[in-house]
Amino acid sequence: MTYEILSDKRKELNIDKRGETSGPAFSTKNERWESGDLAFFTKIEILQERQKLPAIGMKFGAKLPNASDENRVGTDRTDLAFSTLFEKTLSPLITTAYLGLLILGNPFKSASQDDLLSYGFACSLPWQDRATFTAEIAGQTLGASNNQRSSALLHVYIPYKALTWNISGRVGLLEGSEDWGIFGGVRWTFHLLTRWASGQ
């Protein structure tokens, strides 16, 4: 589940908490629930979109090592991420892209890390106010071979009041990526910082 706290300066704080299940596929035995890593990220708008120029922003944050690596849910390492964000509306499509730096802790060797380049490009097509369909290519490269990833993703977002439900599918494009996956989630958006700043 992802929580979003928004302020009136187009700043955004994301708190991501995930749960994982592990065990043999299609089996009810030896299945357990694991608490996933806790991640804190914030996005700040630097420039608003103009007629010929995209909107530009920054996103940075950290993933905390509160999930154990014994059951392959986490890495027991802190990861840092910094990205530059771009968005341009080419009606009816909304195009977004990001380019950034990932600093990943190495769970197999103490006091070591892997520095990678992260990238992504997506096109979104809103359908009235009912749903948004997004196709995306995302990955990370220029690091250790076991950390290089690239995937094609398809998302469907359905807003309902303060909640946004989503279901997504993904297919790995590199040998080290996942084969395929299906996942879903819900995002809760509330303007806590805006209300606090206005004294309400």
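Residues numbered from 1 in each chain as written. Predicted model: local features only at pLDDT ≥ 70, side-chain atom pairs only at ≥ 80, totals over all residues. Heavy atoms only, no water.

## Structural notes on the overall build of the chain
A count of helices and strands for the chain gives one helix and 11 strands. Mapped in sequence order, the helices and strands of the chain form the string β-β-β-β-β-β-β-β-β-β-β-α. Taking all 200 residues of the chain together, 28% fall into the buried category. For the chain, long-range pairs separated by at least 24 residues make up 39% of all intrachain contacts whose partners lie at least 6 apart in sequence. Element-wise, carbon and sulfur atoms account for 59% of the exposed surface of the chain, whose accessible area totals about 13,600 Å². (Helix = DSSP H or I, 4+ residues; strand = E, 2+ residues; numbered from the N terminus. Buried < 20%, exposed > 50% of the residue type's maximum accessible area, 1.4 Å probe, protein only. Contact = heavy atoms within 4.5 Å. Areas by Shrake-Rupley, 256 points an atom, 1.4 Å probe, with all protein chains shown as cover.)

## A short note on the packing of aromatic side chains
For the coordinates displayed, the defined rule picks out zero aromatic pairs. Its end group placed over the ring of Phe 41, Lys 59 keeps NZ or CZ at 5.3 Å from the ring centre. Between the NZ or CZ atom of Arg 130 and the centre of the ring of Trp 127, over which it lies, the distance is 5.2 Å. (Phe/Tyr/Trp six-rings, centres within 6.5 Å; stacked < 30°, edge-to-face > 60°. Lys NZ or Arg CZ within 6 Å of the ring centre and 35° of its normal.)

## Describing unusual backbone geometry
Omega for the peptide link from Ser 91 to Pro 92 comes to 5 degrees, which places this bond in the cis form. Considering the arrangement of structural elements, one finds Pro 92 in the loop between strand 5 (79-90) and strand 6 (93-105). Of note, the phi angle at Gln 128 is positive, near 50 degrees, even though the residue is not glycine. Take Gln 128: it is sitting in the loop between strand 7 (113-127) and strand 8 (131-141).

## Thoughts on the side chain of Asp 79
With respect to the helices, strands and loops of the structure, Asp 79 is situated in strand 5. Polar contacts involving the side chain of Asp 79 include one to the main-chain amide nitrogen of Gly 105, which spans 3.0 Å. Look past the residues within four positions of Asp 79 in its chain and what remains in contact with it is Gly 61, Ala 62, Lys 63, Ile 103, Leu 104 and Gly 105. (Polar contact = N/O pair within 3.5 Å; in protein donor to acceptor, adjacent residues only side chain to side chain.)

## Thoughts on a nonpolar patch on the surface
A grouping of Ile 46, Leu 47, Met 58, Phe 60, Leu 80, Phe 82 and Leu 101 is seen on the molecular surface, where their side chains present a nonpolar patch of about 560 Å² in accessible area. Residue assignment for the nonpolar patch shows that the elements contributing at least two residues are strand 3 (32-47), strand 4 (55-63) and strand 5. As for its placement among the helices and strands, Leu 80 is situated in strand 5. (Patch = residues over 30% accessible without salt bridge, like charges linked within 9 Å, V, L, I, M, F, W, Y side chains within 5 Å. Salt bridge = Lys/Arg side-chain N within 4 Å of Asp/Glu carboxyl O.)

## Details of the side chain of Thr 164
On the secondary structure map, Thr 164 appears in strand 10 (residues 163-172). Among the residues examined, Thr 164 registers a relative accessible area of 13% and is labelled buried. With residues near it in sequence (within four places) discarded, Thr 164 still touches Tyr 157, Ile 158, Pro 159, Gly 185, Val 186 and Arg 187.

## Side note on the environment of Arg 187
The residue Arg 187 is located in strand 11 (residues 180-190) in this model. Among the residues examined, Arg 187 registers a relative accessible area of 29% and is labelled partly exposed. For the pair Arg 187 and Leu 163, spaced 24 residues apart in sequence, the C-alpha to C-alpha distance is 5.5 Å.

## Remarks on the environment of Ala 62
Among the structural elements, Ala 62 can be located in strand 4. Taking the relative accessible area as the measure of exposure, Ala 62 reaches 18% and is therefore buried. In this structure, the C-alpha to C-alpha distance between Ala 62 and Ala 39, residues 23 residues apart in sequence, is 5.7 Å. Those residues in contact with Ala 62 that lie beyond four places of it in its chain are Leu 38, Ala 39, Phe 40, Phe 41, Asp 79 and Leu 80.

Don't take any of this as a statement about function, it's just geometry.
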